[in-house]
Amino acid sequence: MVWWIAVGLLVLAYLLGSLPTGYVVAKLLKGIDIREHGSGNTGATNVFRVVGKQAGITVLVIDLLKGLTAVLIARFVMAQFGDSLTLSTWIQTLAGLLAILGHSRSVWLNFTGGKSAATGLGVILALAWPVGLGTAAVFGLVFGLSRTVSLGSISAATAAPILMFLTGQPLPFILLVLLGGIYVIIRHRSNISRLLAGTEPKLGNS
């Protein structure tokens, strides 16, 4: 029975991650499809630029909570069955991975979505909050110096697996953050091209 519960938790994690926050907020506030404006991304940064500051912050917080909630639900449910810590750790890890995937490949948006940075941070905070805070600090520092969200996100995605390793976290968590970080960086490949060309917009600029 526990395996069926585990499968259900993973499906739930994907569905939580796939909730199209940016799309819904833009529709409600401006009646637009956010995918047809700005960068075409459904994430908080594009919503911030196209819809406004409050809308962008709202999307950021909800997207973070999607990843956080997916992992915490998996941890709580697995604990009720008294199963091994190893199994619970792997289920939490897979739940986090599916939440990240769901955000960028939402079933509700024909498998499009955001770049998973905020949802990924939520996952990390749930798995190991000191690492999550460290990752957020890296983002904040790089963003504060560059005013470029994509550079902050890429830097945070690079730092997260290093922080997981240095703080002695379980191997599944390290592997998840490594794979998730690579995935987030790949999702930013167009941003990387613009960064190298010097054309990546800073927050507040078009």
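Parameters at a glance
Residues numbered from 1 in each chain as written. Predicted model: local features only at pLDDT ≥ 70, side-chain atom pairs only at ≥ 80, totals over all residues. Heavy atoms only, no water. UniProt positions renumbered as here; feature names shortened; annotations may be inferred. Helix = DSSP H or I, 4+ residues; strand = E, 2+ residues; numbered from the N terminus. Salt bridge = Lys/Arg side-chain N within 4 Å of Asp/Glu carboxyl O. Buried < 20%, exposed > 50% of the residue type's maximum accessible area, 1.4 Å probe, protein only. Expected span 1.5 Å × (residues − 1). Arc of directions from axis to C-beta. Axes fitted to C-alpha atoms, helices over the stretch in contact; angles between N-to-C directions. Parallel < 35°, antiparallel > 145°, perpendicular 65-115°, else oblique. Left-handed = near helix turned anticlockwise from the far one by under 90°. Contact = heavy atoms within 4.5 Å. Nonpolar A, V, L, I, M, F, W, Y, C, P; charged D, E, K, R; others polar. Phe/Tyr/Trp six-rings, centres within 6.5 Å; stacked < 30°, edge-to-face > 60°.

Undergrad: Tell me about the UniProt feature "transmembrane region" (unreviewed entry) in the chain, residues and numbers included.
TA: Under the present numbering, the feature "transmembrane region" (unreviewed entry) in UniProt falls on residues 6–26, 57–78, 90–108, 120–142 and 162–186. Counted over residues 90–108, helix gives 79% and strand 0%. Its end C-alpha atoms are 27 Å apart. Counted over residues 162–186, helix gives 84% and strand 0%. Its end C-alpha atoms are 18 Å apart.

Undergrad: Could you give me a rundown of the pattern of salt bridges, with the residues and numbers involved?
TA: As enumerated under the stated definition, the model contains three salt bridges in all. Among the salt bridges present, the one from Lys-66 reaches Asp-63, with a minimum N-O distance of 3.3 Å. Of the two residues, Lys-66 and Asp-63 are both situated in helix α4 (residues 53–80); the distance of three residues between them amounts to about one turn of the helix. Put simply, Glu-200 and Arg-194 hold a salt bridge, and the shortest N to O gap is 2.6 Å. Judged by relative accessible area, which is 13%, Glu-200 ranks as buried. Take Arg-194: its relative accessible area is 28%, and that puts it in the partly exposed class.

Undergrad: How would you summarise helix α7 (residues 129–146) if you had to cite specific residues and measurements?
TA: An α-helical turn contains 3.6 residues, so any two residues separated by three or four positions project in the same direction. Over its 18 residues, α7 runs 25 Å from end to end, which matches the ideal 26 Å to within 8%, given 1.5 Å per residue. Among the residues making up α7, those that are buried are Val-131, Gly-132, Thr-135, Val-142, Phe-143 and Ser-146. Within α7, the buried residues cover an arc of 105° as seen down the axis, which keeps them to one side. Exposed residues lying more than 90 degrees from the buried face of α7 are Trp-129, Leu-141 and Leu-145.

Undergrad: Which residues make up helix α1 (residues 2–18), and what values go with them?
TA: Compared with an ideal rise of 1.5 Å per residue, which puts 17 residues at 24 Å, α1 spans 24 Å between its outermost C-alpha atoms and is within 8% of the ideal. Every buried residue of α1 is listed here: Val-2, Ala-6, Leu-9, Leu-10, Ala-13, Tyr-14, Leu-16, Gly-17 and Ser-18.

Undergrad: Break down unusual backbone geometry for me, citing the residues and quoting the values.
TA: In the Ramachandran plot, Phe-111 falls in the positive-phi region, its phi being about 60° despite a non-glycine side chain. Inspection of the secondary structure assignment puts Phe-111 in the loop between α5 (85–104) and α6 (117–127). Residue classification places Phe-111 among the partly exposed positions, given a relative accessible area of 45%. Although it is not a glycine, Arg-147 adopts a positive phi angle of roughly 60°.

Undergrad: Tell me what's going on with the packing of helix α2 (residues 21–30) against α4, and back it up with residues and numbers.
TA: At their nearest, the axes of α2 and α4 sit 9 Å apart, and the two run at 150° to each other. Relative to α4, the element α2 lies roughly antiparallel. As for how α2 packs across α4, the hand of that crossing is right-handed. Here Thr-21, Gly-22, Val-25 and Leu-29 of α2 lie close against α4, whose contacting residues are Ala-55, Val-59, Ile-62, Asp-63 and Lys-66. The residue inventory of the contact of α2 with α4, partitioned by class, reads five nonpolar, two polar and two charged.

Undergrad: Mind laying out the packing of aromatic side chains, listing which residues take part and the relevant values?
TA: How two aromatic rings sit relative to each other is given by the distance of their centres and the angle of their planes. Under the counting rule described, the total for this entry stands at one aromatic pair. Residues Phe-139 and Phe-143 carry aromatic rings whose centres are separated by 5.8 Å and whose planes lie at 5° to one another, so their mutual orientation is stacked. Residue Phe-139 and its partner Phe-143 are both found in helix α7; the two are separated by four residues, about one turn of the helix. Since its relative accessible area comes to 14%, Phe-143 is described here as buried.

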